[in-house]
Amino acid sequence: MVQLYLSPELGRSIYTMAIQAIPNEICGVLLGLGNEVIEIVPLENTSPTPTNTFRLEEKGLVKTFYDGKRKGLDIIGFYHSHPNTDPIPSQTDVKQANYPDAAHLIVGALRGKPKLAAWSIQYGQVRPIEIIQVSKGTSEEFDVVLTNTQKIAIVVAALLAALFLIIISLSLLPPAPIIKLINP
């Protein structure tokens, strides 16, 4: 995932929860389709040290998984806050990232000014994910619209591929047998 679609309303909701929970970290689940966040589900932070780590409450996580499936949504990511730092994954975040295909959304509340960033954490490798803000309920905006040039390029590529397939097929045919004519 290189992009995460998030409505401003959901982003503000996460910001608000993060600010209200200071000095503790908040955490929760991002439910959605593909890479579009449709719903956020706050979960209890059950970490013994909630001021600098988080642990998703396990029963709530399982319930969220099943509730999401019932709604036709998948868990596409997780969110948590860093009350005293920027929204950059900590070493603990990287070590505990057990879902390599999930987005990891972090709210940093350094000096009380929340910042939001998303990350892909796969097997110890951390890469940024671009957050694209969209209006809630506008998934149709994500349909791919091709320009005329792109459509022409696709047709030309398909024709060239078909021509290449014909040429390869003809080159693989055995040679024609030699036919001897008998003189009557």
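Above this note sits the structure.
### Comments concerning the pairing of strand 5 (residues 103-108)
Along any regular strand, the residues point their side chains to alternate faces of the sheet.
Piece 1. Of all the six residues making up strand 5, six are buried; the element is thus mostly covered by neighbouring parts of the structure.
Piece 2. On strand 5, burial covers both faces: A103, L105 and V107 on one face and H104, I106 and G108 on the other are all buried.
Piece 3. Bridge count for strand 4 (residues 74-82) against strand 5 is six bridges, and the pairing is parallel. In the strand pairing of strand 5, F78 is matched with H104.
Piece 4. Direction of pairing for strand 5 relative to strand 6 (residues 115-122): antiparallel, over a ladder of six bridges. For V107, the partnering residue across the bridge sits in strand 6 and is L116.

### As for the nonpolar core
As a rule of thumb, nonpolar side chains are buried together in soluble globular proteins.
Piece 1. Counting 17 residues, the largest nonpolar core has L4, I14, L30, V37, I40, Y79 and L105 as its most contacted members.
Piece 2. Contributing elements (two or more residues each) for this core: strand 1 (3-6), helix 1 (8-21), strand 3 (36-43), strand 4, strand 5 and strand 6.
Piece 3. Aside from chain neighbours lying at most four places away, what touches I14 is I26, L30, I40, Y79, L105 and V107.

### Notes on the side chain of D93
Piece 1. One can find D93 in helix 3 (residues 91-95).
Piece 2. As a buried residue without a salt bridge, D93 has its nearest oppositely charged side chain in K95, at a separation of 11 Å.
Piece 3. Residues within four places of D93 in sequence aside, it is in contact with F54, H80, H82, I88, I106 and I121.

### Some remarks on helix 1
Piece 1. In a regular helix each residue adds 1.5 Å, so 14 residues correspond to 20 Å; helix 1 covers 20 Å between its end C-alpha atoms and thus fits that length.
Piece 2. Those residues of helix 1 that are buried lie in contact with strand 1, strand 2 (27-33), strand 3, strand 4, strand 5 and strand 6.

### Re the packing of aromatic side chains
Piece 1. Under the criterion given, the structure shown has two aromatic pairs.
Piece 2. Measuring from centroid to centroid gives 5.2 Å for F65 and Y66, while their planes differ by 80°, and the two rings are edge-to-face.
Piece 3. Their ring planes at 45° and their centres at 5.0 Å tell us that F78 and Y99 sit as a pair that is tilted. Residue F78 is found in strand 4, and its partner Y99 is found in the loop between helix 3 and strand 5; the two are separated by 21 residues along the sequence.

### Structural notes on the layout of surface pockets
Piece 1. Roughly 410 Å³ of internal volume is contained in the largest pocket.
Piece 2. Considering the residues around the largest pocket, the lining is formed by 21 residues, among which F54, R55, L56, Q96 and N98 are closest to the centre.
Piece 3. Elements that contribute at least two residues to the lining of the largest pocket include exactly helix 2 (58-70), strand 4 and strand 5.
Piece 4. Counting residues per element, the lining of the largest pocket draws most heavily on strand 4, which supplies three residues.
Piece 5. Each residue belonging to the lining of the largest pocket can be placed in one class, and the counts come to 11 nonpolar, seven polar and three charged.

### Quick word on helix 2
Piece 1. An ideal rise of 1.5 Å per residue puts 18 Å on 13 residues; helix 2 measures up with 19 Å between its terminal C-alpha atoms.
Piece 2. All of the buried residues along helix 2 are G60, L61, T64, D67 and G68. Viewed along the axis of helix 2, the buried residues span an arc of 130°, placing them on a single side of the element. Away from its buried face, by an angle of more than 90 degrees, helix 2 presents the exposed residues E58, K59, K63, Y66 and R70.

Rules and cut-offs
- Residues numbered from 1 in each chain as written.
- Predicted model: local features only at pLDDT ≥ 70, side-chain atom pairs only at ≥ 80, totals over all residues.
- Heavy atoms only, no water.
- Buried < 20%, exposed > 50% of the residue type's maximum accessible area, 1.4 Å probe, protein only.
- Helix = DSSP H or I, 4+ residues; strand = E, 2+ residues; numbered from the N terminus.
- Pairing = 2+ DSSP bridges.
- Core = buried A, V, L, I, M, F, W, Y, C linked by side-chain atoms within 4.5 Å.
- Contact = heavy atoms within 4.5 Å.
- Lys, Arg positive; Asp, Glu negative; His and termini not counted.
- Salt bridge = Lys/Arg side-chain N within 4 Å of Asp/Glu carboxyl O.
- Expected span 1.5 Å × (residues − 1).
- Phe/Tyr/Trp six-rings, centres within 6.5 Å; stacked < 30°, edge-to-face > 60°.
- 1 Å grid on protein atoms, 1.4 Å probe; cavity = no way out; pocket = protein on both sides within 12 Å on 5 of 7 lines; lining within 4 Å.
- Points joined across faces, edges and corners; volume = space filled by probe spheres on them.
- Nonpolar A, V, L, I, M, F, W, Y, C, P; charged D, E, K, R; others polar.
- Arc of directions from axis to C-beta.

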